[in-house]
Amino acid sequence: MTPLLEVSGVSKRFGGLLAVSDVSFSLGEREILGLIGPNGAGKTTLFNVVNGVYKGDKGTVKFAGEDITKCSPNQVVHLGLARTHQIVKPLQDMTVLENVTVGACFGREYLALKPARNVALEVLERVGLAKSAEMSARSLTIAGKKRLEVARALAARPKLLLLDEVLAGLNPTEITHMIGIVRDIRDGGISVFMIEHVMQAIMSLSDRIVVLSFGQKLAEGKPEEVARDPQVIEAYLGDPDIAEKLKENN
Amino acid sequence: MILRRPVFWLILVFAALMAFIPFHANDVSMREDLILVALAVILASNLNLMIGYTGYVNFGHIVFYGLGGYVGLYLATVRNWNLVLAALAAGLVVSLFALALGMGILRLRGAYFALATIGVLLAVQSFVANFDPWGRSTGMYVDFSAYQRLGGARHALWMTYFLVIGVMALSMILSLGIKISKFGLGLFAIREDEDAAVVLGVNTTVFKAIIYSVSAFLPAVAGALMFYKNGMIDPSIAFEFMLSLEGIVMLMLGGKGTVVGAALGGGLYEKLRSYLLTSPKLSNFQLVIAGALLLLVVLFAPGGLIGWLYRLVPRARKVIE
């Protein structure tokens with residue numbers, strides 16, 4: 001079976017900085033793939049190359065059998081690849097419902113206004129924003145805006161969802177709620193590729209994890225394998241001896 | 001459905017009254033007043049499609065009006081076309097021009113786009129001022145015999161008046177139609193956050209180019225009719241930068257992004273301006289007032305009159321669009 005997303009040998013350079021260097025991995029149907037790494041490792045840049053915000057300098061990105069390396073972000077959405085932003089981008093002066101309707105209108109199914117509204121209402125129910133539907137997006141809390149990002153992306157009826165730090169800045173109750181939403185998304189048949197810093201969450205959610213450091217893929221595997229990898233621990237803690245000590249303690 | 005919107009019927013009633021009252025009273029000076037009001041509403045409404053709906057400030061919107069006037073007058077006088085056909089052709093030609101132009105300058109954002117629109121206005125004005133077929137800087141005149149073909153000057157003037165009122169009604173209906181459509185939703189998304197709009201699937205390049213072109217059509221038609229009515233055109237009156245700026249004042253005054261606001265601002269500002277221009281003490285003072293008005297609106301009521309109404313009566317948002 002061909003994987004849903006196949007990234008091979010992707011590099012992206014900004015002037016003298018090699019933000020992403022020769023990264024390859026793949027993601028299957030109904031899989032949750034985690035992407036972790038220290039700050040500045042190139043995680044968001046990799047997302048941006050995958051969904052076409054940036055054009056990679058090298059390598060190819062294939063989605064559902066199609067080469068999307070040169071696609072623009074709006075074309076990628078029509079194929080079924082939606083994303084959220086780490087720094088939320090609500091359409092401030094529009095209502096929550098209108099925000100999500102935009103996602104449904106211009107998503108994979110390119111719905112007309114009326115069916116798009118219905119999809120939007122259904123998605124808002126799913127992420128727990130139904131009560132705020134008529135509020136302006138500006139007035140939502142940060143947790144609300146993160147949910148709005150997810151709702152808008154979901155309304156596009158994607159096959160694959162890229163989640164960029166949807167848990168950052170949330171309190172423990174909100175995190176539990178959001179983890180529930182992500183599980184629910186996968187159970188609905190959508191694959192998820194997510195960047196996260198909240199380790200417990202990503203370890204429990206992901207089927208597999210890719211670790212990025214200084215733009216390079218450091219490790220890839222099941223969460224427990226990755227967590228034990230000395231190279232990964234070194235990248236996070238900056239000292240290989242700590243890894244050894246941690247092992248001894250275990 | 002647009003027919004279910006109260007504002008749609010309001011527009012029709014408003015336009016019908018504007019057409020009927022001066023005709024019924026056979027009041028020529030009222031007609032000349034109202035045709036300027038109608039023109040202000042046309043310019044403000046179409047400018048609203050760019051500024052209010054899409055979030056792109058066009059300082060050179062008047063270029064469409066002037067070019068429409070030139071193309072229309074050229075076709076109607078030199079080529080002897082029927083006036084209505086000439087005006088429609090002017091609209092079409094100018095829209096195509098805007099489409100081609102838009103593909104280029106709409107890559108720019110924010111202040112850079114605004115600067116480019118001023119550049120376009122100045123460039124077109126200089127070009128026309130040196131273009132032989134259009135009479136260079138002396139412009140073109142409508143030969144008096146042209147009005148004879150329309151059944152005499154009196155008849156021709158009333159006819160252009162009704163046509164301009166029709167273009168005004170169409171401008172408002174177009175604004176309403178776009179506002180309640182999927183296309184409009186995409187434009188609003190661009191206005192709020194263009195990067196987010198792309199990621200949500202909106203083809204922003206195409207949307208922006210289309211709306212820029214659409215916002216050129218009716219002003220160009222109006223230009224053809226107005227300059228035909230006036231009987232002459234030259235580069236300085238066709239491409240008056242001040243009128244472009246005043247269009248922005250009208251829009252901000254009434255409330256950008258709303259159908260009624262654009263029309264209200266256009267109408268009110270034009271009434272105010274004609275009062276100031278004709279009052280012996282305040283003559284040529286209208287730009288001072290315009291500047292002060294713009295400052296006050298931007299500082300204290302950024303949503304204009306309609307935005308202020310929305311704040312007082314939030315439910316008005318559902319009815320007054």
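Residues numbered from 1 in each chain as written. Chains lettered and ligands numbered in written order. Predicted model: local features only at pLDDT ≥ 70, side-chain atom pairs only at ≥ 80, totals over all residues.

Moving on: the overall build of chain A. The helix and strand inventory of chain A stands at 10 helices and 10 strands. Radius of gyration (C-alpha) of chain A: 18 Å, near the 18 Å computed for a compact globule of 250 residues. Viewed in the frame of its principal axes, chain A has a C-alpha envelope of about 60 × 40 × 40 Å. Here chain A, with 250 residues, has 45% of them falling under the buried criterion. In chain A, the share of contacts with a sequence separation of at least 24, taken over all contacts with a separation of at least 6, comes to 64%. (Helix = DSSP H or I, 4+ residues; strand = E, 2+ residues; numbered from the N terminus. Rg over C-alpha atoms; globule rule 2.2 N^0.38 Å. Buried ≥ 20, exposed ≤ 12 C-beta atoms within 10 Å, placed from the backbone. Contact = placed C-beta atoms within 7 Å.)

When pLDDT is low, close inspection of the predicted coordinates is not appropriate. All names here are of chain B. Of the residues in chain B, 99% have a pLDDT of 70 or more, and the chain-wide mean is 92. Ranking the helices and strands of chain B by mean pLDDT puts helix α8 (residues 182–192) first, with 97, and helix α6 (residues 144–149) last, with 80. Across the predicted assembly, pTM comes out at 0.92 and ipTM at 0.91. (pLDDT = per-residue confidence, 0-100.)

Okay, the sheet that holds strand β6 (residues 81–83) of chain A next. All names here are of chain A. A sheet is described by the order of its strands in space; here 6 strands give the open sequence β6-β7-β8-β3-β9-β10, paired in mixed fashion. Two strands close off the open sheet at either side, each with one partner strand: β6 and β10 (216–221). Strand-to-strand twist of the sheet, defined as the mean angle between neighbouring strand axes without regard to direction, takes the value 15°. Where strand β3 (residues 32–36) lies against strand β8 (residues 191–195), 4 bridges are found, and the strand directions are parallel. Counted as the bridge partner of G34 is M194 from β8. In the packing of helix α6 (residues 172–187) onto the sheet, contacts are made with β3, β7 (160–164) and β8, and the angle to β8 comes to roughly 150°. (Pairing = 2+ DSSP bridges. Axes fitted to C-alpha atoms, helices over the stretch in contact; angles between N-to-C directions.)

Residue and element names in this part refer to chain A. The domains assigned to chain A are domain 1 (1–80 + 160–250) and domain 2 (85–157). Taken together, the contact between domain 1 and domain 2 spans 15 residues of the former and 17 residues of the latter. Looking at the side of domain 1 that touches domain 2, the elements with two or more residues in it are α2 (73–79), β7 and α6. Element by element, the count of residues in the side of domain 1 that touches domain 2 is highest for α6, at 5 residues. Classifying every residue of the side of domain 1 that touches domain 2 gives 6 nonpolar, 5 polar and 4 charged. (Domains from an automatic or database assignment. Nonpolar A, V, L, I, M, F, W, Y, C, P; charged D, E, K, R; others polar.)

What follows covers the packing of helix α4 (residues 83–105) of chain B against helix α10 (residues 204–230) of chain B. Residues and elements named next belong to chain B. For the pair α4 and α10, the least separation of the axes is 7 Å and the interaxial angle reads 145°. As α4 runs across α10, the sense of the crossing is right-handed. Taken together, the residues of the contact of α4 with α10 sort by class into 19 nonpolar, 5 polar and 1 charged. (Left-handed = near helix turned anticlockwise from the far one by under 90°.)

Where a protein is soluble and globular, its nonpolar side chains tend to be buried together. A38(B), V164(B) and A224(B) are the most contacted members of the largest nonpolar core, which has 177 residues in total. Shared between two domains, this core takes at least three residues from each, and those domains are domain 1 (1–80 + 160–250) and domain 2 (85–157) of chain A. Ignoring any residue separated from it by four or fewer positions in sequence, one finds A38(B) in contact with M18(B), V164(B), I165(B) and M168(B). (Core = buried A, V, L, I, M, F, W, Y, C linked by C-beta atoms within 7 Å.)

Attention shifts here to the sheet that holds strand β1 (residues 5–14) of chain A. Residues and elements named next belong to chain A. If you trace the 4 strands from one edge of the open sheet to the other, you get β2-β1-β4-β5, paired in antiparallel fashion. A single partner strand is all that each edge strand has here, and the edge strands are β2 (17–27) and β5 (66–67). In the sheet, β1 pairs with β2 via 7 bridges, with the strands oriented antiparallel. Across the sheet, residue L5 finds its bridge partner in β2, namely L27. Across the sheet, helix α1 (residues 43–50) lies against β1, β2 and β4 (58–63), angled at about 65° from β2, the strand it touches most.

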